[in-house]
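One letter stands for each residue in the lines below.
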Amino acid sequence: MDLAIELKDRLKKKPILLMTHLVLGYPSLAVNREVITQMAANGVDCIELQIPFSEPIADGPVILKANQQSLKTGISVEDCFQFGQEMAAAFPAVRFLFMTYYNIVFKYGEEAFLRRTKEIGFCGTIVPDLPPEEGASYL
């Protein structure tokens, strides 16, 4: 089913959809797994999973600290893809998105990153520091 149609159908049943956010690897992927399980069990519609970045300029001090602590544990972009794939398969009723910064997408390769995101079952990627005119070709 088309994502836009699916979300419109959800809105017919629920007047407001709930989207949540986690920094992957903070405090651990095991804790992330437990939290996502609870979120899914309690009706969360979309979950934004942030791939940690060293300088998350669009985030405040709490998310910055979570990113830094996650990176200290050695989490990688590949770890995030593997975990994301596991979650998307385990909770098909939840729509998952990555949130990350453009440097990660650029280093991975823009098309490869977006293709991989789709292949693991995610419905989108949020890149807050990508200027809109630069991202238009990926819509």
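In short, a report on the structure.

What counts and what doesn't
Residues numbered from 1 in each chain as written. Predicted model: local features only at pLDDT ≥ 70, side-chain atom pairs only at ≥ 80, totals over all residues. Heavy atoms only, no water. Helix = DSSP H or I, 4+ residues; strand = E, 2+ residues; numbered from the N terminus. Buried < 20%, exposed > 50% of the residue type's maximum accessible area, 1.4 Å probe, protein only. Pairing = 2+ DSSP bridges. 1 Å grid on protein atoms, 1.4 Å probe; cavity = no way out; pocket = protein on both sides within 12 Å on 5 of 7 lines; lining within 4 Å. Points joined across faces, edges and corners; volume = space filled by probe spheres on them. Arc of directions from axis to C-beta. Contact = heavy atoms within 4.5 Å. Core = buried A, V, L, I, M, F, W, Y, C linked by side-chain atoms within 4.5 Å. Polar contact = N/O pair within 3.5 Å; in protein donor to acceptor, adjacent residues only side chain to side chain. Axes fitted to C-alpha atoms, helices over the stretch in contact; angles between N-to-C directions. Parallel < 35°, antiparallel > 145°, perpendicular 65-115°, else oblique. Left-handed = near helix turned anticlockwise from the far one by under 90°. Nonpolar A, V, L, I, M, F, W, Y, C, P; charged D, E, K, R; others polar.

## Notes on unusual backbone geometry
So, point 1. A cis amide bond, omega -10°, links Tyr 26 with the succeeding residue Pro 27.
So, point 2. Examined against the element boundaries, Pro 27 turns out to sit in the loop between strand 1 (19-23) and helix 2 (29-41).

## Some remarks on the pairing of strand 3 (residues 95-99)
So, point 1. Of all 5 residues that make up strand 3, 5 are buried, and the element is covered over most of its length.
So, point 2. The alternating pattern of strand 3 places Arg 95, Leu 97 and Met 99 and Phe 96 and Phe 98 on opposite faces, both of which are buried.
So, point 3. Here strand 2 (residues 46-50) runs beside strand 3; their pairing, made up of 5 bridges, is parallel. Paired with Gln 50 across the strands is Met 99, a residue of strand 3.

## Some thoughts on the layout of surface pockets
Taking a probe equal in size to a water molecule and rolling it over the atoms shows the remaining empty space.
So, point 1. Estimates place the volume of the second largest pocket at around 190 Å³.
So, point 2. Taken together, the elements giving at least two residues each to the lining of the second largest pocket come down to helix 4 (77-90) and helix 5 (102-108).

## As for helix 6 (residues 110-119)
One full turn of an α-helix is made of 3.6 residues, so residues set three or four places apart face in the same direction.
So, point 1. For helix 6, every residue scored as buried is listed here: Phe 113, Arg 116 and Thr 117. Down the axis of helix 6, the smallest arc covering the buried residues is 105°, so these residues share one side. For helix 6, the exposed residues lying more than 90 degrees away from the buried face are Glu 111, Lys 118 and Glu 119.
So, point 2. Residues of helix 6 that are buried make contact with helix 4, strand 3, helix 5 and strand 4 (124-126).
So, point 3. A positive backbone phi angle near 100° is found at Gly 121, which sits one or two residues after helix 6.

## What about the nonpolar core?
So, point 1. Ile 36, Ile 47, Leu 49, Phe 96 and Phe 98 are the most contacted members of the largest nonpolar core, which totals 27 residues.
So, point 2. At the level of elements, helix 2, strand 2, helix 4, strand 3 and helix 5 are the ones that each hand at least two residues to this core.
So, point 3. Residue contributions to this core peak at 5 residues, all from helix 4.
So, point 4. The contacts of Ile 36, once residues within four sequence positions are left out, are Leu 22, Ile 47, Leu 49, Phe 83, Met 87, Phe 91 and Phe 96.

## Remarks on the side chain of Asn 32
So, point 1. Following the sequence through the fold, Asn 32 ends up in helix 2.
So, point 2. Of note is the side chain of Asn 32, whose polar atom sits 2.7 Å from the backbone nitrogen of Gly 25.
So, point 3. For Asn 32, the contacting residues outside a window of four places in its chain are Leu 22, Val 23, Leu 24, Gly 25, Tyr 26 and Phe 83.

## Overview of the packing of helix 4 against helix 6
So, point 1. Between helix 4 and helix 6, the shortest axis-to-axis distance is 10 Å and the interhelical angle comes to 25°. Judged on the interaxial angle alone, helix 6 and helix 4 are roughly parallel. Between helix 4 and helix 6 lies a crossing whose hand is right-handed. Here Val 77, Glu 78 and Phe 81 of helix 4 lie close against helix 6, whose contacting residues are Phe 113, Arg 116 and Thr 117.
So, point 2. Taken together, the residues of the contact of helix 4 with helix 6 sort by class into 3 nonpolar, 1 polar and 2 charged.

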